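Residues per chain are reported as follows:
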Amino acid sequence: MKRGTAWLSRVFLTAISANMEGKRNTVQRQIIYGALKELDIHASAEQVFEYVKNIAPSIGKATVYRNLRRMAEEGEIMSIGNLTGSMHYDHNCHTHYHCVCDNCMKIFDVEEDFSEVMGKAYETEGFDIKECAITFKGLCWQCRDAV
Ligand SMILES: [Zn+2]
Ligand SMILES: [Zn+2]
């Protein structure tokens, strides 16, 4: 068995007994979530689709894009915005931020706590922050070394 396909056989075992529409949707979602997690690169919708296509060709592009959007709305995954010309998603939902390399477009996690800054916005302006998207742009260590 190829690396990282164990989750997939589990999903397919569920799929065998899935003949109801609702169940089918759940299975599609599990496959899409699994692909995002397995890719583990803050994949774009396109990259998720390319991965899913190889393991479940019956799932179309529109389905992948729609499910990613819906999962992000429901908080199951995190939409991290249009960082490279297409929408990227993160299976890791805890509060963290991203660095994007200008050269190779790889996206890295920054584990940082900005709650103090957010608290200040409330104290000084009475502004209640609901959401925060911070993206740092620059060069990753590999691209930096290559210059
Ligand atoms: Zn880079
Ligand atoms: Zn991330």
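Calculation criteria
- Each chain has its residues counted from 1, running along the sequence as written.
- Chains carry letters and ligands carry numbers; both start at the beginning, A for chains and 1 for ligands, and go up in the order they are written.
- Local features in this predicted model are restricted to residues of pLDDT 70 or higher, and side-chain atom pairs are both shown and tallied only at a pLDDT of 80 or more, whereas totals for entire chains, interfaces and linings draw on every residue.
- Where helices and strands are cited, they refer to DSSP runs of H or I of at least four residues and of E of at least two residues respectively, numbered from the N terminus.
- Counts of 20 or more other C-beta atoms within 10 Å of a residue's own C-beta define buried residues, counts of 12 or fewer define exposed ones, and intermediate counts define partly exposed ones; C-beta atoms are placed from the backbone.
- It is the C-beta atoms, placed from the backbone, that decide contacts: two residues are in contact if theirs lie within 7 Å.
- Orientation is described by axes fitted as lines to C-alpha atoms, over the contacting stretch for helices, and by angles from 0 to 180 degrees between their N-to-C directions.
- When describing relative orientation, an angle under 35 degrees is termed roughly parallel and one over 145 degrees roughly antiparallel, while 65 to 115 degrees is termed roughly perpendicular and anything else oblique.
- By definition, turning the near helix anticlockwise from the far helix through less than a right angle yields a left-handed crossing, and turning it clockwise yields a right-handed one.
- Three residue categories are used. Nonpolar comprises Ala, Val, Leu, Ile, Met, Phe, Trp, Tyr, Cys and Pro, charged comprises Asp, Glu, Lys and Arg, and polar comprises the others, including Gly.
- Here, any two strands with at least 2 DSSP bridges between them count as paired.
- Nonpolar core, as used here: buried Ala, Val, Leu, Ile, Met, Phe, Trp, Tyr and Cys residues forming one set through C-beta atoms within 7 Å.

Observations concerning the overall build of the protein chain
No. 1: Tallying secondary structure elements over the protein chain gives six helices and five strands in all.
No. 2: If you list the helices and strands of the protein chain from N to C, you get α-α-α-α-β-β-β-β-α-β-α.
No. 3: Expressed as a percentage of its 147 residues, the buried residues of the protein chain come to 19%.
No. 4: For the protein chain, the share of sequence-separated contacts (at least 6 apart) that also reach a separation of at least 24 residues comes to 47%.

Overview of the packing of helix H3 (residues 45-55) against helix H4 (residues 61-73)
Each pair of packed helices can be summarised by the angle the axes make with each other and by the distance between the axes.
No. 1: Interaxial distance between H3 and H4 falls to 9 Å at its minimum, and their mutual angle equals 130°. The angle between H3 and H4 falls in the class oblique. Every pair of crossing elements has a handedness; the one defined by H3 and H4 is right-handed. Between H3 and H4, the residues in contact are Ala45, Val48, Phe49 and Val52 and Lys61, Val64, Tyr65 and Leu68, respectively.
No. 2: Tallied by class, residues from the contact of H3 with H4 come to seven nonpolar, no polar and one charged.

With respect to the environment of Phe49
No. 1: Considering the arrangement of structural elements, one finds Phe49 in helix H3.
No. 2: Between the alpha carbons of Phe49 and Ala62 there is a distance of 9.1 Å; along the sequence they are 13 residues apart.
No. 3: The residues touching Phe49, leaving out its near neighbours within four places in the chain, are Lys61 and Val64.

So, the sheet that holds strand S4 (residues 107-110)
No. 1: The sheet built from three strands is open, its strands ordered S4-S3-S5 with mixed pairing. Looking at which strands have only one partner, the edges of the open sheet turn out to be S4 and strand S5 (135-138). Taking the axes of each pair of neighbouring strands and ignoring which way they run, one obtains an average angle of 25° across the sheet.
No. 2: Across four bridges, strand S3 (residues 97-101) lies against S5 in parallel orientation. Paired with His98 across the strands is Thr135, a residue of S5.

Overview of the nonpolar core
No. 1: Within the largest apolar cluster, 17 residues are counted, with the highest numbers of intra-cluster contacts made by Ile32, Leu36, Val48, Val52, Val64 and Tyr89.
No. 2: Looking at this core, the element that brings in the most residues is helix H2 (residues 21-39), giving five residues.
No. 3: Setting aside its immediate chain neighbours within four residues, Val48 contacts Ile32, Ala35, Leu36, Leu39, Ala43, Val64 and Leu68.

Structural notes on helix H5 (residues 115-125)
Side chains that are three or four residues apart share a direction in an α-helix, a result of its 3.6 residues per turn.
No. 1: Summarising burial for H5: zero of the eleven residues are buried, a small minority.
No. 2: With its phi angle positive at about 65°, Gly126 sits one or two positions after the end of H5.

Some remarks on unusual backbone geometry
No. 1: A positive phi is found at Asp40, a non-glycine position, where the angle reads about 55°.
No. 2: Tracing the sequence through the fold places Asp40 in the loop between H2 and H3.
No. 3: Residue Asp40 is classed as exposed on the basis of its 11 C-beta neighbours within 10 Å.
No. 4: With phi around 65°, Met105 is a residue other than glycine that occupies positive phi space.
No. 5: Along the chain, Met105 falls in the loop between S3 and S4.

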